[in-house]
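Observations on the three-dimensional arrangement
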Amino acid sequence: MGAGNFKNKKVSTNRYGSKGCGKGFGCKGSDDKASGYVGAPYNFVPFSEKVYEYPQGKQVMHDRISDELFTGEITYEIEAKTPILIDNGKDEFVKDAQGRYAIPGSTMRGLIRSNVQVLGLAGYEDDIDDYALMYRDVTNKAKDDRYKTILDAKMVTVNDAGRQYRVGALLEVRAGYVKNEGGTYTIYKTCVDSIRKEFRNMNYYILSERKIINDYLKHPDHFSYQVFRPNGKSILQHEFVTFDRYENARGMHYKGTPNKEYRPYHIPVSYEVKNLKDISAVGKPGEYTNEGYAVSTGKMNEKKVLYIIPKIDKKKETITIPEKDVRAFRIDLNKREKTLKQFGGKKHFDLPSEGEEKPIFYVEQPDGRLYFGFTPRLRLFYDHTVREGLNQKCKKDRIDYNRAIFGYAGTDGSFRSKVSFSDAVVTEGAKAASGQQLILAEPKPTSYFDYLKQPQNLRGPANTYNTDGFTLRGAKQYWLHTKAPVNTAGMNRKNEKVVSGMHPLAQGVRFRGKIRFQNMTQDELGLLLWAVRLDPDCWMNVGKAKAYGYGVIALNITQAKALDLKKAYGQRETLELQPFRDICVNEMITAYQESISRFLGGRKITDLPHIKDFFHMKDSRHIPDDEQTRYMDLKSFGSRRKALPSIEEVVNRQ
């Protein structure tokens, strides 16, 4: 329901004049697909289109001394409005060297820095990596045939001894071997260029687990695939028992008994082939005619095949993987680390170590573009890097408030930070809240319906990182909640490998911390104070499980003081032990807002749409109902054709 549809309904008005009635727009407990709910526990504050850049020579260096510059410290207190956990890596709250619960200074620095970027009209180029994301088949959501085209996924008609049938194949996917040679990754081709002309570039063999298991069940004493049953134990995805046969709308299916000890592998083997493409026997090296590797992949429902790759041929032309692709591949792999725990970790899916080689699948396009991975159904690189979607217009070597206050280092120079953050140490209320087991999957930029701006009419293809001129939505922020945990109904906690433990401190715990600053201008200090305090009745969130309501905090500045140069260095007969003067926080914040207003041509910064959006998400008086800011169910997420609603839409919806 839009903002204009509140006829005869009682509504409330927030600090910026938008209206909302506080009820969710998806009925609690209802099916998302039926209710039309599209949402998430987070949203995106748009990037400032106009980035503030310091005029030439205005940036103040560290070695200046002036009455117009400010050096001192800010003392603040934090109250947890919901249970809170700053994880020490063991699902427990961090403690300092003295054994006290504490929010690390680095955590507070990151929180305040993100506020400075929004309120300081800063650029985000330093925060967005210039690499290409990877994806696997998105055709159901984006109506984009690119994935199938690159792999050339087709049904192939095969004639064997007068019998004709059709099978699916990836005609552009080849197998080879990748070797790490001094940090350079080289792909070597195999001794087989194609297993059969109908399969074009496909040079590897597909072997059914059901075929292997049936062969054993029929002929246990003359088993042709003993290598997959060493010491009487299966290394397949399934145990050596009969598959159940059943039929559904998609045709005949077979269900096996899962092998709970299964892990992906690649092992050297020998093998026999018949009809050019069918593997009739697999054994240890030297046992059969042909040499190569058997390769298995991650466990998937109803996936019951493995692959036989012919031996390496080092006389053929090699392919060098570009460094930028190696970097993008590693970033993608690290982001999937939690998911890969159920497959024994990420090592099997990583590029080899120095001097090692391992089987790999790849596609080399005519223009030289290379895709590679450790399963034939590859994860492809998007055409564009993430940073290409940043539409901010600023100079490459620009200095904005974020860089001037927090420092920077790069090819264009470096500058030391003007601020340092101490740990925020517990002062009272350090009681444990009840423990929880939660699935803490992080939102990923590959979710383009959320992270990218989409056309208003989504009947056609959605914008992805393959779309020319795509635009990032903004900086991700989590919605506030008044309790935790929220929206955990229906969560499947049975898979221990994707569930995280939670041992938070209870609501009401308080912390005290300090921020020291040096040689700041009046507008820089005003911005910093605003980023720490925000506006009245505003809260923030920090720590683990923000999506489920944890880590909501109220932050209050209790003292701000600056060094008085006359007291500290003036001609006095006695030593001044407290050469500080109090800072009026409100005056400083107002001074910054007036300064930035001049940059905006007289417009108030609080009138900017992205600043309004930011404070909509921080306003503790108008928090959307939990049902509005929960994750979608998997079924609805997979079939969605709607972009994430804007912050204003969430605030205004009933």
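About the thresholds
Residues numbered from 1 in each chain as written. Predicted model: local features only at pLDDT ≥ 70, side-chain atom pairs only at ≥ 80, totals over all residues. Heavy atoms only, no water. Helix = DSSP H or I, 4+ residues; strand = E, 2+ residues; numbered from the N terminus. Buried < 20%, exposed > 50% of the residue type's maximum accessible area, 1.4 Å probe, protein only. Contact = heavy atoms within 4.5 Å. Pairing = 2+ DSSP bridges. Phe/Tyr/Trp six-rings, centres within 6.5 Å; stacked < 30°, edge-to-face > 60°. Core = buried A, V, L, I, M, F, W, Y, C linked by side-chain atoms within 4.5 Å. Axes fitted to C-alpha atoms, helices over the stretch in contact; angles between N-to-C directions. Parallel < 35°, antiparallel > 145°, perpendicular 65-115°, else oblique. Left-handed = near helix turned anticlockwise from the far one by under 90°. Nonpolar A, V, L, I, M, F, W, Y, C, P; charged D, E, K, R; others polar. Lys, Arg positive; Asp, Glu negative; His and termini not counted. Salt bridge = Lys/Arg side-chain N within 4 Å of Asp/Glu carboxyl O. Polar contact = N/O pair within 3.5 Å; in protein donor to acceptor, adjacent residues only side chain to side chain. pLDDT = per-residue confidence, 0-100. Expected span 1.5 Å × (residues − 1).

What the chain contains, in helices and strands, is 15 helices and 32 strands. Relative to its 654 residues, the chain shows a buried fraction of 51%. At a minimum sequence separation of 6, the contacts of the chain that also span at least 24 residues come to 73%.

The next subject is the environment of Asp32. With respect to the element layout, Asp32 can be found in helix H1 (residues 32-35). Sequence separation of Asp32 and Arg640 is 608 residues, and the distance between their C-alpha atoms is 10.0 Å. Sequence-distant contacts of Asp32, that is, excluding residues within four places in its chain, are made with Tyr37, Arg630, Tyr631, Met632, Asp633 and Ser636.

Attention now moves to the pairing of strand S28 (residues 499-502). Residues Val499 and Gly501 of S28 are buried on one face, and the alternating residues Ser500 and Met502, pointing to the opposite face, are buried as well. In terms of strand pairing, strand S26 (residues 436-439) meets S28 through four bridges, oriented antiparallel. The partner of Leu438 across the bridge, within S28, is Ser500.

What the rule picks out here adds up to 36 aromatic pairs. Between Tyr448 and Phe449, the aromatic rings sit 5.2 Å apart at their centres with planes inclined by 40°, giving tilted as the arrangement. Phe449 carries the same exposure label as Tyr448, and that label is buried. Ring centres of Phe614 and Phe615 lie 5.2 Å apart, and the angle between their planes is 80°; this geometry places the pair in the edge-to-face category. The residues Phe614 and Phe615 share a single accessibility class, namely buried.

Attention now moves to the nonpolar core. By size, the foremost hydrophobic cluster in this structure holds 167 residues, and its most contacted members are Ile84, Phe228, Val282, Tyr465 and Leu529. With seven residues, helix H10 (residues 522-533) is the largest single contributor of residues to this core. In this structure, Ile84 is in contact with Phe93, Ile103, Pro504, Leu505, Val509, Val542, Tyr550, Gly551 and Ile553, ignoring residues within four places of it in sequence. The next biggest cluster of nonpolar side chains, apart from the first, holds five residues, and it includes Leu480, Trp539, Ala554 and Ile623.

The subject of this paragraph is the environment of Leu207. Residue position: Leu207 is located in strand S11 (residues 205-208). Taking the C-alpha atoms as reference points, Leu207 and Ala294, 87 residues apart in sequence, are found 9.4 Å from one another.

With that out of the way, let us pick up the packing of helix H2 (residues 105-119) against H10. In the contact formed by H2 and H10, the axes pass within 9 Å of each other and the chain directions differ by 120°. Between H2 and H10, the interaxial angle falls into the category oblique. Once H2 is placed against H10, the crossing between them reads as right-handed. Of the residues in H10, those in contact with Ile112, Asn115, Val116 and Leu119 of H2 are Leu527, Leu528, Trp530, Ala531 and Val532. For the contact of H2 with H10, a count of residues per class yields eight nonpolar, one polar and no charged.

Let us now look at the sheet that holds strand S9 (residues 174-181). With antiparallel pairing, five strands are arranged side by side in an open sheet as S18-S10-S9-S19-S20. Among the strands making up the open sheet, the edge pair consists of strand S18 (319-320) and strand S20 (370-373). Across the sheet, helix H6 (residues 323-335) touches strand S10 (184-188) and S20, and the angle it forms with S20 is around 40°.

What follows is about the side chain of Arg473. Take Arg473: it is sitting in the loop between helix H9 (448-451) and strand S27 (475-478). Here Arg473 sits buried without a salt bridge, and the closest side chain of opposite charge, Asp450, lies 5.6 Å off (N-O distance). Here Pro645 takes part through its backbone oxygen, which lies 3.5 Å from a polar atom of the side chain of Arg473.

For the bond running from Ala484 to Pro485, omega is 0°, close enough to zero to count as cis. Of note, the phi angle at Asn275 is positive, near 55°, even though the residue is not glycine. Here Asn275 shows up in the loop between strand S14 (266-274) and strand S15 (278-283). One non-glycine residue, Asp537, lies in the positive phi region at around 70°. Structurally, the position occupied by Asp537 is in the loop between H10 and strand S30 (540-541).

Averaged over the chain, the pLDDT score is 88; the fraction of residues at 70 or greater is 88%. Taken as a whole, residues 1-30 scores under 50 in pLDDT and shows 69 contacts with residues more than four places along the chain or in a different chain. Predicted confidence is poor over residues 139-143, with pLDDT under 50, and the contacts of this stretch with residues over four places away or in other chains come to 15 contacts.

Over its 15 residues, helix H12 (residues 585-599) runs 22 Å from end to end, which matches the ideal 21 Å to within 8%, given 1.5 Å per residue. Within H12, the full set of buried residues consists of Val585, Met588, Ile589, Ala591, Tyr592, Ser595, Ile596 and Ser597. Of the surrounding secondary structure, the elements contacted by the buried residues of H12 are strand S4 (70-80), H2, helix H8 (401-406), H10 and strand S31 (552-563). Backbone geometry just after H12 places Gly601 at a positive phi near 70°.

Here we come to helix H13 (residues 609-618). The buried fraction of H13 amounts to eight of the 10 residues, a majority that puts the element mostly inside the structure. Of the residues making up H13, those classed as buried are His610, Ile611, Asp613, Phe614, Phe615, His616, Met617 and Lys618. Those residues of H13 hidden inside the fold are in contact with strand S3 (42-45), H2, S27, H10, S30 and helix H15 (647-652).

On to the sheet that holds S11, then. Spatial strand order, S11-S17-S16-S14-S15: five strands in an open sheet with antiparallel pairing. Of all strands in the sheet, those with a lone pairing partner are S11 and S15, marking the two edges. The average angle at which neighbouring strand axes cross in this sheet is 45°, direction not considered. Strand direction decides the pairing type here: S11 and strand S17 (residues 305-310), joined by four bridges, are antiparallel.

Of note, Gln559 is situated in strand S31. Gln559 gets classed as partly exposed once you look at its relative accessible area, which sits at 35%. Residues Gln559 and Glu73 lie 486 residues apart in sequence; the distance between their C-alpha atoms is 8.2 Å. Ignoring anything within four residues of it in the chain, the contact list for Gln559 reads Glu73, Ile74, Thr75 and Asp582.

The next subject is the pairing of strand S7 (residues 153-160). Bridging between S7 and strand S8 (residues 163-170) involves eight bridges; their strand directions are antiparallel. Paired with Asn159 across the bridge in S8 is Gln164. Here S7 folds back onto S8, and the loop between the two strands holds two residues, one of which, Ala161, carries a positive phi near 50°.

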